[in-house]
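One-letter residues, chain by chain:
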Amino acid sequence: MSIEHRDDTGARFGMWLFLYTEVILFSGLFILYAMALSKFPQQFAEASHKLNIYFGSINTIVLLTSSLTIALAVTAIQRGRIRQTLILCGVTVALALLFLVNKYFEWSEEIGHGIYPGSEHLAEMGPGVTNFFNLYYFTAGLHGLHVFIGATLISIVAVLTAKGKVTSDRYTLLENSALYWHLVDLVWIFLFPLYYLIL
Amino acid sequence: MSEHTHEPVPYRTFILIWVALLILTGITIAVSRVHLGALNIWIALGVASIKSSLVIFVFMHLRQESKLFKIGLLVMLSILAIFIGFTFFDVLYR
């Protein structure tokens, strides 16, 4: 047997460090939001009312549930239950796709109403509303990109699990993908009330 | 490396946390429909912070990690506080 160097804790800590930088990335956008909100409180409330609260709420439930399934997948692999791990990863990816499909319909509706960055309709509503929607599209778009990346990572890990490369003895890849997925959930936990629920 | 692997967290724990997260989401939505002025945003942020800690400590296994991971989180949050604080010192007192 060849000697291999392996440091699971180090790998996990590396992932955490990366996630901290992700938080700083998103917090820049949230700070912009906070400054714009303090400048245009009335317009932000008005703009927030144009967002569909049902899409937002359903997507919140979808993401929270997907966070549960990937957390369960980690427990499943630790217990050596490969079939369960694969099913739970599959459900997580399916929920991620459901989130993106919802987002597609939501954005289609908004763009159909003439609300998109740079639109004339938006310009007529003044700088406050424009500011809100520009930030909304950028933050939700960046978050959506993270959903896509997370789903891809989990799909790859599921294939590796099926091939026997990720096992109950060696599952750091699944653990780190799960960590990434939870970060996607964390960002949404703040994004949802700030954009959809302003009165 | 066996000393560094975690005990598996029971399914039950995760499901209970998930239920708590759904209840907190319900609270966020319900409170947001009542006009409370500036308090609305602080309640929304407060509930979101509680939800995040549940995700970070339980779903992300931070509870089981060593001190190093927890100090890391604290350092990140301090940087965040400086980032937010200094930006607002500038913006609010212009």
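Just so it is clear, the model here is predicted, and its values are computed rather than measured.

J.: I'm lost on the overall build of chain A in this one. Help?
T.: A count of helices and strands for chain A gives seven helices and zero strands. Listing the helices and strands of chain A from first to last along the sequence gives α-α-α-α-α-α-α. Viewed in the frame of its principal axes, chain A has a C-alpha envelope of about 70 × 30 × 25 Å. Counting over 199 residues, chain A shows a buried share of 56%. For chain A, the proportion of contacts with a sequence separation of at least 24, taken over those separated by at least 6, is 82%. A total of about 8,500 Å² of accessible surface is found on chain A, and carbon and sulfur atoms cover 67% of it.

J.: Hey, could you run me through the nonpolar core in this one?
T.: In globular proteins that are soluble, nonpolar side chains generally tend to be buried together. The biggest cluster of nonpolar side chains holds 84 residues, and the ones touching the most others in it are A:Y33, A:F132, A:F133, A:Y136, A:Y195 and A:Y196. When residues of this core are assigned to their parent elements, the largest contribution, 16 residues, is made by helix α7 (residues 172–196) of chain A. When residues of this core are assigned to domains, at least three map to each of domain 1 (1–60) and domain 2 (66–94) of chain B.

J.: Please clarify how the interface of chain B and chain A should be interpreted in this entry.
T.: Many structure descriptions define interface size as the accessible area lost when the parts assemble. The interface of chain B with chain A comprises 48 residues on the first partner and 49 residues on the second. Between chain B and chain A, roughly 4,300 Å² of surface is buried when both sides are summed, and carbon and sulfur atoms account for 77% of that area. Across the pair A:R12 and B:E65 runs a salt bridge whose closest N-O atoms are separated by 2.7 Å. Here chain B and chain A share seven residue pairs in polar contact (both at pLDDT 80 or more) between them. Breaking the side of chain B that touches chain A down by element, the ones donating at least two residues are α1 (11–32), α2 (39–59) and α3 (67–92) of chain B. Classifying every residue of the side of chain B that touches chain A by side-chain character gives 31 nonpolar, 13 polar and four charged.

J.: What's the story with the confidence of the model for chain B in this structure? I'm lost.
T.: Caution applies to low-pLDDT regions: their predicted coordinates should not be interpreted in detail. In this model, chain B carries an average pLDDT of 91, and 95% of its residues clear a pLDDT of 70 or more. When the elements of chain B are averaged for pLDDT, α3(B) gives the smallest value, 93, and α1(B) the largest, 95.

J.: So what exactly am I meant to see when it comes to the environment of A:F55 here?
T.: All names here are of chain A. One can find F55 in helix α3 (residues 53–78). A relative accessible area of 17% means that F55 is categorised as buried. Sequence-distant contacts of F55, defined by excluding residues within four places in its chain, comprise N102, F105, E106 and E109.

J.: For this particular structure, what's the right way to read α2(B)?
T.: For an α-helix, the turn length of 3.6 residues means that residues three or four places apart are oriented alike. Over its 21 residues, α2(B) runs 29 Å from end to end, which matches the ideal 30 Å to within 8%, given 1.5 Å per residue. Within α2(B), burial applies to B:N40, B:I41, B:A44, B:V47, B:A48, B:K51, B:S52, B:V55, B:I56, B:V58 and B:F59. The elements touched by buried residues of α2(B) are α1 (8–39), α3 and α7 of chain A together with α1 and α3 of chain B. Just beyond α2(B), the residue with positive phi is B:H61, at close to 60 degrees.

What counts and what doesn't
Residues numbered from 1 in each chain as written. Chains lettered and ligands numbered in written order. Predicted model: local features only at pLDDT ≥ 70, side-chain atom pairs only at ≥ 80, totals over all residues. Heavy atoms only, no water. Helix = DSSP H or I, 4+ residues; strand = E, 2+ residues; numbered from the N terminus. Buried < 20%, exposed > 50% of the residue type's maximum accessible area, 1.4 Å probe, protein only. Contact = heavy atoms within 4.5 Å. Areas by Shrake-Rupley, 256 points an atom, 1.4 Å probe, with all protein chains shown as cover. Core = buried A, V, L, I, M, F, W, Y, C linked by side-chain atoms within 4.5 Å. Domains from an automatic or database assignment. Buried area = accessible area lost by both parts, 1.4 Å probe. Salt bridge = Lys/Arg side-chain N within 4 Å of Asp/Glu carboxyl O. Polar contact = N/O pair within 3.5 Å; in protein donor to acceptor, adjacent residues only side chain to side chain. Nonpolar A, V, L, I, M, F, W, Y, C, P; charged D, E, K, R; others polar. pLDDT = per-residue confidence, 0-100. Expected span 1.5 Å × (residues − 1).

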